[in-house]
Amino acid sequence: TMSGFRTLHRITTDDGDSSSGDSPIWRVKFSPCRSSPSSSLRLLAAGASNTIKCYSLTDRTDKDVNSNDVLDASAMNVACTESLISRDDHQTNSSGNNTAVLGYAALDIVRNYCGADDTAGNEVVMASKLGGYVCVWVRLDPVLKEKGVVVAEDIDNDDDENNSCGETSSTIHQCRKPYAEFKVPTATGTTLAIRPPTLGNYYSKKETEILVAMGCANGAVVICKSRILASRPGDNGITRSASSSSGGGAIVGDTGGDDTVVMNFTSFNNKEDDSNNNSDPSGDIIATVGGGHACVMSLAWHPTIPNTFVVGRKDGIVDIYSAHTTSDDYYYGNEGLNFRRVHRLVHSSFPIRALSYSMPDGELLFAGDDDGKLYSYDASMALPSGTSESFNVASPVKLVACALAAHKGWIMNLCAFPDGNKVATCGSDKSVRVWDCGMGLASGTPVHSFDGANEGWVWGVDCSSGAVGSARLKLVSCGNDGSMQVFSCGE
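Residues numbered from 1 in each chain as written. Predicted model: local features only at pLDDT ≥ 70, side-chain atom pairs only at ≥ 80, totals over all residues. Heavy atoms only, no water.

A. Main features of the sheet that holds strand 31 (residues 474-479). Ordered by their spatial adjacency, 4 strands build an open sheet running 1-32-31-30, and the pairing between neighbours is antiparallel. The two strands at the open ends of the sheet, each matched to only one other strand, are strand 1 (5-11) and strand 30 (458-463). Strand-to-strand, the axes of this sheet are offset by a mean angle of 20 degrees, without reference to chain direction. Bridging between strand 1 and strand 32 (residues 484-489) involves 6 bridges; their strand directions are antiparallel. Within strand 32, the position partnered with Ile11 by the bridge is Met484. (Pairing = 2+ DSSP bridges. Helix = DSSP H or I, 4+ residues; strand = E, 2+ residues; numbered from the N terminus. Axes fitted to C-alpha atoms, helices over the stretch in contact; angles between N-to-C directions.)

This is the structure:
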């Protein structure tokens with residue numbers, strides 16, 4: 001406990017939700033968006049269930065969370081607040097029909113905002129099932145909701161936001177249908193990464209929708225439109241309207257002549273586009289990158305360099321692709337997205353299931369393979385000027401360190417801490433480990449190790465952003481046993 005890392009809470013099906021049983025949880029994510037109340041953290045979990053569960057986590061005010069208890073299950077209040085469910089699954093649950101449950105194999109969350117406020121913006125959640133079926137949910141920023149902003153797609157469609165999910169009376173919580181659904185037939189559905197809307201300056205005038213990248217079995221990465229409008233500079237959190245005559249105004253009309261501000265989430269009109277509700281439209285693919293290689297096992301976008309992403313493959317190869325060579329090419333060149341491979345890293349011969357850039361600048365790239373090795377690369381790609389807006393993706397990407405025995409088995413997932421100093425990994429050896437990005441990783445000695453974090457493989461791990469909710473960082477893991485473990489990360 002001297003390191004400041006300890007177990008805080010074990011989230012099970014008893015924490016306000018009895019509908020999922022002990023289904024494995026494959027991915028877990030903290031929301032980067034603010035919640036209500038402001039002191040709470042929002043946690044989403046996806047796995048072998050047809051719903052994505054959303055939890056609210058708050059520190060208990062009547063408990064000293066810095067106590068010396070190794071296991072302090074009363075240090076947090078946890079409640080399941082809502083479930084995200086596809087329209088087809090909602091109809092199946094309502095009719096009582098029994099169908100095969102594929103679950104959600106991939107999950108990603110972003111803030112739809114590109115201003116200076118590091119907590120503002122609507123929450124965009126995307127999850128994919130096997131076979132490339134994608135659902136997209138959007139949650140209105142609580143501050144905008146308090147100001148009376150109304151979502152255009154919700155008008156006259158209250159049923160979408162106020163359906164219970166069929167639990168008993170003691171566990172009823174809100175059940176939310178997606179704002180958009182589409183299918184990418186060539187995608188496996190196991191890898192998905194949203195292009196960061198927070199870098200709004202690289203969304204050109206022709207690109208008004210948030211883009212998502214998905215991996216394919218033939219080694220390609222498809223980039224397609226999500227049908228969700230992207231925030232642009234000057235929007236102040238209120239998304240532009242696709243139908244605005246000026247290319248998208250920040251405020252969209254009113255309702256009935258009053259002063260209510262109405263905003264659009266999607267690039268289509270729900271009332272007129274019934275095909276969105278009654279069929280599975282194919283995703284609007286704008287680019288297919290890197291086909292003809294080994295299957296894509298992991299994906300991650302660079303957090304600061306526009307239109308640059310990294311791919312981890314089944315044969316251990318790590319490829320970095322970019323649509324721009326230099327910052328000058330980006331700012332003054334063609335607006336089109338013509339991706340090409342700029343780096344190939346060949347230090348591993350085992351599948352790369354875990355990838356992440358360091359936060360918040362992406363100067364380091366972390367990769368974990370099925371041999372239990374954790375690699376760290378210098379991926380800053382900055383020009384000598386040193387400014388954040390200057391980059392050259394052709395700059396060398398060098399191996400900095402490698403922990404040869406980071407895990408006794410497959411590394412299933414990893415996440416970078418927001419301060420840029422640490423990275424957490426999880427694996428098939430039932431452990432979660434925290435690493436110092438410097439000499440700690442090079443020596444192969446973790447800062448802290450949570451052995452037996454879950455009963456079975458630990459599939460996912462994530463760290464809170466520190467910008468929202470409690471000031472103390474939290475780490476969470478999920479696994480085959482259907483539970484989640486929340487850990488403190490305080491020093």
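B. Here's a closer look at the environment of Thr186. With respect to the secondary-structure elements, Thr186 resides in the loop between strand 12 (180-183) and strand 13 (187-194). Residues Thr186 and Cys216 lie 30 residues apart in sequence; the distance between their C-alpha atoms is 6.0 Å. When sequence neighbours within four positions are dropped, the list of residues in contact with Thr186 reads Cys216, Ala217 and Val222. (Contact = heavy atoms within 4.5 Å.)

C. Expanded view of the pattern of salt bridges. As enumerated under the stated definition, the model contains 14 salt bridges in all. Linking Arg42 and Glu123 is a salt bridge whose minimum nitrogen-to-oxygen distance equals 2.9 Å. Of the two residues, Arg42 sits in strand 3 (residues 41-47) while Glu123 sits in strand 7 (residues 122-129), which places them 81 residues apart along the sequence. For Arg42, a relative accessible area of 8% corresponds to the buried category. Look at Glu123 and you get buried, because its relative accessible area is 1%. For Arg344, the salt bridge is made with Asp319, and the minimal N-O distance between the two is 2.8 Å. Separated by 25 residues along the polypeptide, Arg344 in strand 21 (residues 340-345) and Asp319 in strand 20 (residues 318-322) bring together distant segments of the chain. (Salt bridge = Lys/Arg side-chain N within 4 Å of Asp/Glu carboxyl O. Buried < 20%, exposed > 50% of the residue type's maximum accessible area, 1.4 Å probe, protein only.)

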